[in-house]
Amino acid sequence: MRKFQRFPPFRLPTATLERGEAKYFHGREKILGNFKGLMDRAVQAKVGTTVMIQAAPGAGKTALLTECARLARARRW
């Protein structure tokens, strides 16, 4: 008689489907301050720049970038 193969129990993925602006964005003052300084230096030097945001999945990168975009639009950057 043939034995059936056992599969591990089904688990839901740990990733979230939430994207975009955070309902309650808080914290990250140091990162946002660095971003504001970077914008100021780029404008003063009249040069372009590149910003790289990296973190673990679910750390809030999209929410942070949405906040950075809001700051940039407010400064007409």
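Since the structure is predicted, the reported quantities are computational estimates derived from the model, not experimental observations.

Calculation criteria
- Residues numbered from 1 in each chain as written.
- Predicted model: local features only at pLDDT ≥ 70, side-chain atom pairs only at ≥ 80, totals over all residues.
- Heavy atoms only, no water.
- Axes fitted to C-alpha atoms, helices over the stretch in contact; angles between N-to-C directions.
- Helix = DSSP H or I, 4+ residues; strand = E, 2+ residues; numbered from the N terminus.
- Parallel < 35°, antiparallel > 145°, perpendicular 65-115°, else oblique.
- Left-handed = near helix turned anticlockwise from the far one by under 90°.
- Contact = heavy atoms within 4.5 Å.
- Nonpolar A, V, L, I, M, F, W, Y, C, P; charged D, E, K, R; others polar.
- Core = buried A, V, L, I, M, F, W, Y, C linked by side-chain atoms within 4.5 Å.
- Buried < 20%, exposed > 50% of the residue type's maximum accessible area, 1.4 Å probe, protein only.
- Expected span 1.5 Å × (residues − 1).
- Polar contact = N/O pair within 3.5 Å; in protein donor to acceptor, adjacent residues only side chain to side chain.
- Arc of directions from axis to C-beta.

What's the story with the packing of helix α1 (residues 29–45) against helix α2 (residues 61–74) in this structure? I'm lost.
Geometrically, a packed helix pair is captured by the angle between its two axes and the distance between the axes. As a packed pair, α1 and α2 sit with axes 11 Å apart at the nearest point and diverge in direction by 40°. One finds that α1 runs oblique with respect to α2. For the pair α1 and α2, the sense of crossing is right-handed. Where α1 abuts α2, its residues Ile31, Leu32, Phe35, Lys36 and Met39 lie against Leu64, Glu67, Cys68, Leu71 and Ala72. For the contact of α1 with α2, the residue count by class is eight nonpolar, no polar and two charged.

Please explain the nonpolar core as it appears in this structure.
Side chains that are nonpolar tend, in soluble globular proteins, to be buried together. Counting seven residues, the largest nonpolar core consists of Leu32, Phe35, Met39, Leu64, Cys68, Leu71 and Ala72. Elements with a minimum of two residues in this core: α1 and α2. Top contributing element to this core by residue count: α2, with four residues. In this view, Phe35 contacts Val51, Cys68 and Trp77; residues no more than four positions away in its chain are not counted.

Explain α2 here, please?
Every α-helix carries 3.6 residues per turn, so stepping three or four residues along brings you back to the same face. With 14 residues, α2 ought to run about 20 Å at 1.5 Å a step, and its terminal C-alpha atoms sit 20 Å apart, in line with that. For α2, the full list of buried residues reads Ala63, Leu64, Glu67, Cys68, Leu71 and Ala72. Looking one or two residues past α2, Arg76 carries a phi angle of roughly 55°, positive in sign.

It is not clear to me how the side chain of Glu67 should be interpreted in this structure. Could you clarify?
For Glu67, the location among the structural elements is in helix α2. Only 2.5 Å separates the side chain of Glu67 from the side chain of Arg70, close enough to count as a polar contact. Leave out the neighbours within four places in its chain, and Glu67 touches Phe25 and Leu32.

Help me understand α1, please; the structure alone is not making it clear to me.
Spanning 17 residues, α1 covers 24 Å between terminal C-alpha atoms, matching the ideal 24 Å at 1.5 Å per step. Listed in full, the buried residues belonging to α1 are Leu32, Phe35, Met39 and Ala42. All buried residues of α1 project into a common sector of 85° when viewed along the axis, lining one side. In α1, those exposed residues whose orientation departs by more than 90 degrees from the buried face are Glu29, Lys30, Arg41 and Gln44. Buried residues along α1 sit in contact with α2. Remark: Lys46 follows α1 within two positions and exhibits a positive phi of approximately 55°.

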